[in-house]
Amino acid sequence: MRKLGGTLFVLGVVLVSLFAASSPVSAEETLTVYSYDSIEPWMKEIIPIFEQKYNVKVRLVLFGDAGEVLSRLIMEKDNPQADVVVGIDNSYLQKAINAGILVPPYKPENAKYIPDWIIKDFDPEFYLTPYDYGAIAIVYKKNELPNPPKTFEELTKPEWKGKLIVENPLTSSTGMAFLLWTIAVYGDKWPYYWEALKKNDVIVVKGWSAGWEMWDKGQAPPLFVSYATDPAYDACNYNDTSIGAVFLNNTAYVQIEGAGIVKGTKHLELAKAFINFLISKEAQEKLPLNQWMYPVNSEVELPECFSYALDVSKAKVVSIPAEELAENTDKWLKEWRAIMVEGKSASEISPTTTSQEKSQTATSSEKSGGICGPALIVGLAIVPLLLRRRE
């Protein structure tokens, strides 16, 4: 029996060797994905599904926020280390395209489930594929604040002095979104609005996490720049429906996030499969309760508690064209710093805005129900401000 066993073992080795020679087996592929820190809960749920489906290994590398992710990709441009990038939003989209770090456009099969307005507002060419969207809002506690401000102008009035927390756009994507919201609404008059906010003792914090901790524990003013889905978050996790949210002037600045394939990838087909997987129903169903954003796949049914979130579709969505963002973002940030940190006046930032133009803007806005009413313009004319996925 031992001899027979030895013979069978030798025969087995020969057969395995012959099979291996005729059918070479490739080593398990590894796909490297770059993204930001707060995406980790969603990735932890969906990556194992992808790995099992495609028999591959996904290496997830996380950075602080989308800006850091993009900076790393640009730094590694000549020697790319990533295959896929997840988390480039509309604020950084054009910069990423201009940097030449993405492969030529790839439109995944599952893109047919993405509403046209999202594709149109984000990237119709599909350098980046949108996978979620959401909007920032002013959040408050209903039991403490039954009548919150509903317009941008109200936030500059004495009754709201020192009662608003905003994130620094130099260090926070949430803060950047709020700055862009004001620019989308005010156009080139936005420095005057921020000057008024500063006079009204707006509180600026480094990032969303720091602001949320202060606000949530009642250690800070009652108004906080956060997300339209925050009421849903507390309803889902704590059965708490006391958080309210408001879109100022019934306008919504929508943040759309996308994923793309890094130029120079050695796993192109696998990278394409991952992009397609991100917007599949299977992956998108796990997004709302992890990202607290809206999935782009129109076939995904939202959790019941999302009924407490602000409905973006009922507000007027405002945006800034990607080309304009790419051209002006650095300038806007320098101007914001000049006003909020260096103490410069809005007239120094926008010297071409004459008193007559400001008066015309006020009259026009008043007639249209806009935010640049006479009270704000007068205040701007006579005074020189203080200085959460989501940093």
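Here the structure is shown first, and the text comes after it.
Below you will find a few notes about this structure.

**What to know about the pairing of strand β9 (residues 251–261)**
Moving on, step 1. For β9, a buried count of 11 out of 11 residues is recorded, marking the element as mostly surrounded by other parts of the structure.
Moving on, step 2. Side chains of β9 alternate between two faces, with Thr251, Tyr253, Gln255, Glu257, Ala259 and Ile261 and Ala252, Val254, Ile256, Gly258 and Gly260 buried alike.
Moving on, step 3. Alignment of strand β3 (residues 84–89) against β9, held across five bridges, turns out to be antiparallel. In the strand pairing of β9, Val84 is matched with Ile261.
Moving on, step 4. Sheet topology note: the β9/strand β11 (residues 316–318) ladder contains three bridges and is parallel. Each residue of the ladder has a partner; that of Ala252, found in β11, is Val317.

**Side note on the state of the cysteines**
Moving on, step 1. Tallied over the full model, the rule gives one disulfide.
Moving on, step 2. Between the sulfur atoms of Cys236 and its disulfide partner Cys305 the distance amounts to 1.4 Å. On the S-S bond that ties Cys236 to Cys305, the torsion sits near 65 degrees, and the link is right-handed. Residue Cys236 is located in helix α9 (residues 230–238), and its partner Cys305 is located in the loop between β10 (294–295) and β11; the two are separated by 69 residues in the primary sequence.
Moving on, step 3. Overall, the relative accessible area of 28% leaves Cys236 in the partly exposed class.
Moving on, step 4. A relative accessible area of 15% places Cys305 in the buried class.

**Considerations on the pattern of salt bridges**
Moving on, step 1. Taken as a whole and assessed by the stated rule, the structure comprises 10 salt bridges.
Moving on, step 2. In this structure, Glu335 and Lys331 form a salt bridge, with 3.3 Å as the shortest nitrogen-oxygen distance. Remark: Lys331 and Glu335 occur in helix α13 (residues 322–340); sequence separation between them is four residues, near one turn of the helix.
Moving on, step 3. The class of Glu335 is buried, set by a relative accessible area of 15%.
Moving on, step 4. Taking the relative accessible area as the measure of exposure, Lys331 reaches 38% and is therefore partly exposed.

What counts, and at which threshold
Residues numbered from 1 in each chain as written. Predicted model: local features only at pLDDT ≥ 70, side-chain atom pairs only at ≥ 80, totals over all residues. Heavy atoms only, no water. Buried < 20%, exposed > 50% of the residue type's maximum accessible area, 1.4 Å probe, protein only. Helix = DSSP H or I, 4+ residues; strand = E, 2+ residues; numbered from the N terminus. Pairing = 2+ DSSP bridges. Disulfide = S-S within 2.5 Å. Salt bridge = Lys/Arg side-chain N within 4 Å of Asp/Glu carboxyl O.

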